[in-house]
Every structure is written in structure tokens, then in C-alpha cells.
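Letter by letter, the chains look like this.
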Amino acid sequence: MCSLLRGEEMCLAQLFLQSGSAYDCINELGELGLVEFRDLNPGVNAFQRKHVNEIKKCEEMERILEVKKADISLPEGDVNPVAPLPKHVMAIMEQLQRLEVELGEVTRNKEKLQRNLLELTEYTHMLRTTRNFVQRTSEVSVFISGLIQRTKIEAFERMLWRVCKGYTILSYAEVEEYLEDPDTGEPTKSVVFLISYWGDQIGQKVKKICDCYHCHLYPYPSSNEERTDVVEGLRTRIQDLHTVLHRTDDYLKQVLMKASESVYTWVIQVKKMKAIYFILNLCSFDVTNKCLIAEVWCPVNDIPTLRRALEEGSRKSGATVPSFVNRIPTNDTPPTLIRTNKFTSGFQNIVDAYGVGNYREVNPAPFTIITFPFLFAVMFGDLGHGVIMALFALWMVLYENNRKLKNTRNEIWNTFFEGRYIILMMGLFSIYTGLIYNDCFSKSLNIFGSGWSVKAMFEAKVWKDADIRGNRVLTLDPNVTGVFRGPYPLGIDPIWNLASNRLTFLNSYKMKMSVILGVIHMSFGVILSTYNYLHFRKKHSLYLVFLPELLFLLCLFGYLVFMIFYKWLVFTAKDSRLAPSILIHFINMFLMQAPTLHRLGMYRVRFDFADEFLHQAIHTIEYCLGCVSNTASYLRLWALSLAHAQLSEVLWTMVMRVGLRMDTSLGVFFLVPVFGLFAVLTVSILLVMEGLSAFLHALRLHWVEFQNKFYSGTGVKFCPFSFSLLPSSFEHDGLL
Amino acid sequence: MAELSFNVNHGYLEGLVRGMKAGILTRTDYHNLAQCDTLEDMKLHLQSTDYGKMLSSSEEDLTVSMVDSKLRENLLTEFSCLRSNALPPLSTFLDYITYSYMIDNVVMLITGALKQRDVAELLPRCHPLGAFDQMAAVGIARTPTELYSAILVDTPLAQFFQDAVSECNLDEMEVEILRSKLFKAYLESFHSFCKTIGGDTKDIMCPVLEFEADRRAFIITVNSFGTDLSCTDRSALYPSCGKLYPEGLSLLARAEDHEQVKAVANCYPAYKIIFDDPEPGSGFKTLEDRFFEQEVKLNTLAFLQQFHFGVFYSYIKLKEQESRNIVWIAECVTQRQKSKIHNYIPIFQETT
């Protein structure tokens, strides 16, 4: 509990690692995740550190694995292989390189075959298309034929014309099929062309232009017989190539299958190894060069575990001289470590999002566990909505070990899933406040029977039949005996659901409740600050800061709360007309006692130091103004709660009641879509949207109004060296 | 008023290019790179910069030429991202940037063809920013006229050929003259294009292009000493959009040795510092390097103002200088010339 309230006690320790066993020791520590290493060579460049070659080797292996990952479908497993020993690294490296060479060879072969196939296909196309190009063959002309990309043909033709000045004849036709471009893999349209030209010089130029436009040239057969022969030959070769390609594919698949078994292990092993060398680079050598010195932050309670881990590491490496730990005194502020479990971690995250606490500062998280869902529920108060929310969270909690829920990449879903315990608490508290407000989907539940009676009004002869017929609205008089038989046992009397002045009544009630809750919440925050003053030995602050602050808060707003309770308790239905207005009274009090503020400012004059004085003066003014504005800020509880109740009522009257009003049997069928609409709107608007907005306001009330009374949140989080915290093995991320 | 609507069309790209600019290597990066002992070390260090895993995908051992081509590829990817999202007139402006690389490519291909080199061997050495379809056919041409009318007439370079058309055979000298004439036409055209855009683009780009024009004039003059290029021939090659135009150019045309060129430069404070003798103590720098230094200075100024196209030009030029720096350091590392390794030109002096 102490750890949750204040964070773990930390110490700076020096590890003396024998150079032979350093690797194993760090490995052991990485598995446990106990300590945070400090960089002892901050002035040294990355490439000048000791183990830069090992890291380079790891990077090389990562690069090979990176390439493999693209081809291999990986079995996602929960295996956790240990980091390999340095002597085993060469074996892994060798295996990897062999695999790379083999794969590279097969892929290259495959590419070559595909290219070959493409050439043959193109040649076939060319022969088939050019058959009709030339009707009369003249003896002098020479032919060049080939294929060119569809987009380039115009420019090609133009340049041909310009360079050869018309001594060529170009005829071309488009190939219907799309042929795959071997470089990009995209299907492209090609054009078969045939150029006939005269003269050698022109021929040279034509060939150069063809090169320039990346044409694929193929020999042009001189006679029709030759053509048919070539086509025949091509057909058989294409068939052969297809079978060979098929075989290559099979082989490639086999190689990949074999590799996929070990790739996952390798990826993790290489990651771990790289991390270990990274940490070794942070260490420095002692004078004798025989052992490495590392400085770590470590929780005091974990030092025995740390010792055992080092012993284990030394034993594993078979070192004769043990590695050991030495606590060293320090003036540096240690990082903050607050141990959490799956229930508290969500609430701790809410606090950490504002700022990680200073070392050994009071941590608001344990109180947030109760106050956060409660303040949320004050704004979200509805029994029905609370039940739905709680059930949803309960489902997530019960199935939290389900891998499908845990391992999704949907960020929005992950946010909800991470906060499942918060949502559960919020749902449960909403059920409670819903009962107090007596609101269930904007309707009231009449469980214990209302404390008001209409019948009594008739029995006392105040109302007659004519009154009921003549008036749309009548007022129950609690002063008549029997009309008001005492308060409803739990929360708001259900009869208010029927009353036309319901809103006025609830407004007054919720407004006062907000102020009461706010003042209690803030006073609690101020009281928590004493824990900080006591722990950090600032007794003077107890008298000079805490007491004036508490006095100011209680004398102004504490008095306001007192007046609210006093008015509730003292004035009954009978003398309600005599009740004074708290608002007017409070304003009058303020105007008359305005000098109080100044006196509080003067209080600080005792301090000699000018900046201390200035600082405290600013703090005083800030606190005084802050108290006023913070109290007003708590009225958001009222506003949000009102908005939620009104919105759910609007939804009921505008949607559900329309369906319920239909009298005929058709109404049953009509009710089905109407209920569907009602359900969808309830979940999307009232639960999700309103829930988010209430969450946000509860967050603000905690971060600003509550935490600024005692929490500074300028600490540094303890981030231990742990393999489990390494970036997920298959995400492309740098180390640490 | 152009500032009001600038962001409608070009705001995204300007933001993008300014973001890219933040990735330009800083002093500390260069300092760290200069400490490297092997190319592998450089690769490791470049991984921590915006270049990321650029070099790590290669399977064979690193060579300097591979680093160079990777850097060019990188620049091409960035540029094509800008170009494909650009709207006119920015798209035209970006095209203008590529033309200078196209001219260089054409000249290189012709020179290669004269030396009977194979086109397939030459193509990978062309700058990818200046690649165009008809590039491989350039070697066919025998004269500038043929080059123009047969091959380049469809390319955007055609507009720069007005003065360059001639019937003399292309030899090495003629190719250099062709390059100078093309550049002259190109710079003048780019200059007037920037003028028509007006606004801050004009204010930023014109000094940069004027500097470029004057640099060409100086370099042509210095290189022509000892060749049979006559004064009138020479003056025909000077771009007329620079600060030297017209008096400086006519003086330059008459210059006959380095001292006279220096005398011309002394009349212009901006160029005086380039030709000044180096201070004792500082290392010797070539004229080219001093011009580069000055160019970097001019280009960094472009980022001080918003809502203009100059940043795009400057970014590409600075990035090119950065590539030159990295390649220089890589060369020094592989040839173990540690003493010369600091002769790179840092781009942003202060560490931002």
C-alpha cells in the first residue's frame, strides 16, 4: 500500500560485472526487468563504443530477417527464447547467411526464368502480329522488329522520322494482352513494331534509337516457312518453361516453410542480443580493465533479487570471480516507480498522463480509484445506462485473457480494453447514482411506494372534482396532513417524475450537491498536501501554507456548505417561506469581508528573500482566485448531469413514446424498428458520446481542481531494462 | 498581396520543404562524421540523422560511389515528392531547377560518346534529377543542329537552343561551348521567369541567379586561359543577367591572366572576398570551393523569408552541397587523408 501511495524507494547501485560473465548477467537482468541503467559514457559517439561491432552484426542479421519477413508467413507464438550465448551467434549468423544465399539464388533463378518466359511470349506475339504487316517484300530493305511500351510509341515514331529523314517505314500494332513488366511487376500494354530501312548508316541510328527507348528487339524471319518453324519451337519452349517455373515455385515454398520454423525465434534472439550489447555499451571499465562497472537505479526492495540474478549469471557463465552489487549514496533525484496491477494500472495511467509524480510524492492514484468513477457517475447518473456500461466492462474483464481481444491492432478498441476496470467502476457507480437520482432511461422506479399522496388532498377537502376537471396543473400542499408521509427511503421520490416543477427541484438539488462534493474534494486535496510537507520535512509549510489554505477554503466555501446543510435541516415545509436565500447572503458576506484577501497576502511579508516573497504572493493570489474558480468549476457536475438526464428524456419522448402511442395491433410491428432506433441512439449518443464527455470532465476535475492542491507531477518515470518492454518483435522500430 | 493566397496552393509544400531543411546535417553531425574511421562508421552515424536506414539496405560492402548514388537517389525521392504535388507556377519553377541537371547530362553524354564510351555505361552516371526519355539517344548527334532538331526538340531544353545551333562538328571544345551557351540561355530564361513571378521570389531568387551567372562568367574566363578561345567568342558565352553585366563582362572579356580577373572582381565587393588571398593560417581553398561557400551563404538566406519559391531552389542546392560534403568525407575516410577531411563546407553555421 505504501508503494502505491508514495512510490517505491529507490537507490543508486553500482554493479561490478566480471568481463567474462557480463553478458550473462545483463541477460539475466533483462529477463527480470529490475533495474534502469545509466549511461556512463555520455560523451562517446555511437560508433566509438566498445561493442559496436557486435551491434553491427546484430543489425546485419536483423536486415536479413527483415527481408525474410516479407516472404515468410510467421506463426505468431508466445515462445520466449533466451538470448543466445555469444559463441552460438556465429552459428545463427551462418545459418542466416546460408538461408539468404539460398533464397537469393532461387529468387534470382525464378526472375531469370520469368524474364525468359516474357521474352518468348513477346517473340510469339511479334511473329503473330507482324505476319500481316508486309505484303510485298522488296529485296533491298532490311527489317528490324520488336516490342515497345504503348506510351512511348509516339515519341519513338517522331524521333525515328527526324533522325532518319524518312528513310524508314514504321508499321505497328498493339498487343491485346497485358504483359508484365519484369522490373516493376505491373501489367503494361505493349506495341509490336516493324521498321524497314535502307542503308547501313540509317540502320546504326535506328538501332541506337531502339536502345534509347528500351525496345525489345527480336530477329525478323525472312520467310513464312521460317516463321512457322520458329512459332512451333517457341510454343514447346514456353511449355517447358512453365513446368520449370512451377517446380521452382514449389522449391521456394519448401525453403521458406523450413525457414519459417526458426525465424520467429531468431528475430527475438537477435533483438535480445542487440539489447544486451546496447546495455554493455553504457557500462564503463574499471582501472584494471578486468571488470565492467554499471550504474543502475534499483528499487531498494529488489536488491536481494538483483544479487541473486547476478549470482545466477555468474554461475551460468562459469566465472570464478563473482559479480556483485554495491549501493552508492547519491544526490540525484531517483526515477519514480509505482508498482501497479491490472486493476490499478488504468487509474495510474490517468494520473501519469498529467505528469509522473516526483520521487516519493503522494500519488493521487489510490484515491482516484474511488473519486474518479464517482464524479463520473454524478454526471452520468442513470441506472439503465450504468447497467449496460457495467455489463460491457464485465464482459471485457471476464474475457481479458482471450487472445483475440488482447492482440488486436485497433487502437480505439485497445483504449477501451486497457480501461476495462475503469469502465467497470464507472458503470457500477452510475448504477448507484442512477438509483439516487431515480433515473432509469429517464423513467423513475417506484420501488418503495411514493411518500406523497394525492388522495389525502381530497380527504382534507382541499381539492374537489371540479378542480381536477378545470385545471391542467395542480399543486400538492405538503402542509396538509397525510399528503407528505416522509421522505422516500432511497434517493429522489418517483412522484417528481410526474411533477411539472421537477426540473426546478432537481436543479437546486444538483447544484448544491455539486458545490458540496467539490468543496469536500478540494479540502481532501489540501489535506493530502500535509503528507508531502511531513515527508519532505517542511514543517513550516504546514503552518504557513497548509493552515491558511485550509482556513481560507473552509471559511468561505466550507461555510457555504454549512449554510446549505443548515437550510436543508432547519427549514421545513411549514416555514419554507421564511427561508433566506443563500446566494444573497453569501454575496453580502463577500462584499463586507473583502479585506480578508489582503491580510492573507500580507501574511507572507515575514520572508526576507524577495523572490520567495514574490513566489508566495503569486501562490496566494493564485490559490485564492483558484478556490473561487475551482468551486465554480465543480458546477459542471450539475450541468453535465442535467444535460444527460434531459437528453435521455428527449430520446424517450421523441422516439420511444411515438411507438408506444400507437393503439392498433400494427403498433406492435411498428414498435420493433422504433425500439431499434431507440437502442442505437441510446448506445451511440447517451453511452458513448455522453460517456466520453463525462469522462473528460471527470478527468479535468481530477487533473486541475484536485491535483493542483498537492501534486506537482514533474518526476521521471522509472523505465527498467527489460526484454518484455522491447518493441514488439515484428514492428520495425529502433531499440529503446 | 501574393502572400495572402500563397498558402492556398503552395503552403503545404513550403511547410514540407522547411521540415526537410531541418534535417540538413548540423555542425555536430559533420564533426562526428569526420571522426569516423571506416564507411561502416559513417553509415552507423548517418542512421541517427534524417537519412535513417538509407545505406543499410545494401548487401555488398559500401563504396564511395554507392554512397554518392544513394544520396542522389534520396534527393530525387524528395524532389519528386515536391514536384508531383506542385501546382503552377511552382511546378514550372521546379522544372527550371531540373533543366540545369539536364544540360549537364546532355553534355556528359556527348563527351562520353566522343570518347566512344557505351551509353549503358554512361547512363548511371547521369544526375537522376536531370533524367529524360531521349537521354540515351543523345550520342547519335554529330552537330549541335542535329542534336537540337532530331533529339532535343521535344524536351524542355529546346527553348535554350536559339543561340547554340551551329553546324560545326561536336568536339570536346565545342561541347564545352555548347554547355556554356545552353547555361547562358537557361540562366537568362530562369532569371526573367523569376522576375515575372515577382514578390519575394524575385527578391530572393534574382541575387542567387545573378551570383550563379557571374560565377559562370568568372569560371569561363579562368578556364579559357591557354585555349584558343578569342575575346569575342568568350564574351558571347557570358550570361547577361548577372551583376557584372555589362561593364564587368566587357572587362572580363579582355582579361588575359588571373591578376586581371582579380582586378575586375575587386570592383565588386561581393566577389572581392572570393578572389582575396587567403588569410595566413587558414587552409588553402580552391576558387571553386570559395564560390560554393558563397553560394551556400546566399542560399541559407532564402529561409529567412516566407511565401516565396526560393526555399525550394535553395533546399535542392544546399542538399547537393551536403551530398558533396558527405562524399568528400567518405573519400577522405577511405583514402585515409585525415588531414584534408575538414575541407567540407558546413551549411548551417550555428547548431539549430
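Parameters and conventions
Residues numbered from 1 in each chain as written. Chains lettered and ligands numbered in written order. Predicted model: local features only at pLDDT ≥ 70, side-chain atom pairs only at ≥ 80, totals over all residues. Heavy atoms only, no water. UniProt positions renumbered as here; feature names shortened; annotations may be inferred. Pairing = 2+ DSSP bridges. Helix = DSSP H or I, 4+ residues; strand = E, 2+ residues; numbered from the N terminus. Axes fitted to C-alpha atoms, helices over the stretch in contact; angles between N-to-C directions. Parallel < 35°, antiparallel > 145°, perpendicular 65-115°, else oblique. Contact = heavy atoms within 4.5 Å. Nonpolar A, V, L, I, M, F, W, Y, C, P; charged D, E, K, R; others polar. Phe/Tyr/Trp six-rings, centres within 6.5 Å; stacked < 30°, edge-to-face > 60°. Buried < 20%, exposed > 50% of the residue type's maximum accessible area, 1.4 Å probe, protein only. Lys NZ or Arg CZ within 6 Å of the ring centre and 35° of its normal.

Under the annotation held in an unreviewed UniProt entry, chain B carries the name V-type proton ATPase subunit and is attributed to Sander lucioperca.

Chain A carries the name V-type proton ATPase subunit a in an unreviewed UniProt entry, which gives Sander lucioperca as its organism. Per UniProt, chain A has the following entry under Subcellular location (unreviewed entry): "Membrane". Quoted verbatim from the Sequence similarities (unreviewed entry) heading of the UniProt record, the comment on chain A is "Belongs to the V-ATPase 116 kDa subunit family."

Now for the sheet that holds strand β4 (residues 168-174) of chain A. Two strands in a sheet stick together by hydrogen bonds in their backbones, pointing the same way (parallel) or opposite ways (antiparallel). All names here are of chain A. A sheet is described by the order of its strands in space; here 4 strands give the open sequence β4-β7-β3-β8, paired in antiparallel fashion. Strands at the two margins of the open sheet, each flanked by one partner only, are β4 and β8 (216-218). For this sheet, the mean angle separating the axes of adjacent strands, direction not counted, is 25 degrees. Relative to strand β7 (residues 190-197), β4 runs antiparallel, the two being bridged by 7 bridges. Bridge pairing links Ala173 to Val192 in β7.

To continue, consider the packing of helix α11 (residues 247-254) of chain B against helix α12 (residues 258-266) of chain B. Residue and element names in this part refer to chain B. The interhelical angle for the contact between α11 and α12, taken along N-to-C directions, is 170 degrees, at an axis separation of 9 Å. Classified by the angle between their axes, α11 and α12 sit roughly antiparallel to one another. Only Gln260, Val261 and Val264 of α12 make contact with α11, whose side of the interface consists of Gly248, Leu251, Leu252 and Arg254. Across the contact of α11 with α12, the residue classes break down as 4 nonpolar, 2 polar and 1 charged.

So, on to the packing of aromatic side chains. For the coordinates displayed, the defined rule picks out 60 aromatic pairs over all chains. Measuring from ring centre to ring centre gives 5.6 Å for Phe343 of chain A and Tyr421 of chain A, while their planes differ by 85 degrees; the resulting arrangement is edge-to-face. Of this pair, Phe343 of chain A sits in the loop between β11 (324-328) and α9 (344-354) while Tyr421 of chain A sits in helix α14 (residues 420-437); the two residues are 78 residues apart in sequence, bridging distant segments of the chain. Under the relative-accessibility criterion, Phe343 of chain A is labelled partly exposed at 28%. Ring-pair connections join several aromatic residues into one group, and the members of that group are Phe6, Phe93, Tyr96, Tyr99, Phe160, Phe183, Tyr186, Phe190, Phe193, Phe307, Phe309 and Tyr313 of chain B. When the ring centre of Phe303 of chain B is taken as origin, the NZ or CZ atom of Lys21 of chain B, which lies over that ring, is 5.1 Å away.

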